[in-house]
Amino acid sequence: MHGNAAEWTLSDYKPYPYKATDGRNRGGGGDKVLRGGSWHDRPFRSTSSFRLGYPDWQRVYHAGFRVIVE
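Just so it is clear, the structure is predicted and the values come from calculations on it, not from any experiment. (Residues numbered from 1 in each chain as written. Predicted model: local features only at pLDDT ≥ 70, side-chain atom pairs only at ≥ 80, totals over all residues. Heavy atoms only, no water.)

(A) Representation of the pairing of strand E1 (residues 6-12). Strand direction decides the pairing type here: E1 and strand E4 (residues 63-64), joined by two bridges, are parallel. Within E4, the residue paired with Ala-6 across the bridge is Ala-63. Bridging between E1 and strand E2 (residues 32-35) involves three bridges; their strand directions are antiparallel. The residue bridging Asp-12 from the neighbouring strand is Lys-32, located in E2. (Pairing = 2+ DSSP bridges. Helix = DSSP H or I, 4+ residues; strand = E, 2+ residues; numbered from the N terminus.)

This is how it looks when you write it as structure tokens:
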């Protein structure tokens, strides 16, 4: 994801391979996924497949979020 800010997601940070039944998309405890790159990162991080895990309480100054309506 190319852009000005990396993006917080609701997903819990769990190792791949992805399994829909492993509970990562429920937003439980543990580290949250920060996906994509920002102006602060090196170019290899500017892809939608790049992700990092951070505790949900940690401040990350180069991250944003996307507002959605379900």
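(B) Fine view of the packing of aromatic side chains. In this structure the tally under the stated criterion is one aromatic pair. An angle of 70° between the planes, with centres 6.1 Å apart, marks the rings of Trp-8 and Tyr-54 as edge-to-face. With Trp-8 in strand E1 and Tyr-54 in strand E3 (residues 51-54), this pair connects stretches of sequence that are 46 residues apart. Accessibility expressed as a relative area gives 18% for Tyr-54, which makes it buried. (Phe/Tyr/Trp six-rings, centres within 6.5 Å; stacked < 30°, edge-to-face > 60°. Buried < 20%, exposed > 50% of the residue type's maximum accessible area, 1.4 Å probe, protein only.)

(C) The arrangement of the environment of Gly-53 in detail. With respect to the helices, strands and loops of the structure, Gly-53 is situated in strand E3. Accessibility expressed as a relative area gives 30% for Gly-53, which makes it partly exposed. Along the backbone, Gly-53 and Asp-12 are 41 residues apart, and their C-alpha atoms lie at a distance of 8.0 Å. Discounting residues that sit within four places of it in the chain, Gly-53 has contacts with Tyr-13, Asp-31 and Lys-32. (Contact = heavy atoms within 4.5 Å.)

That is the geometry; function is a separate question.
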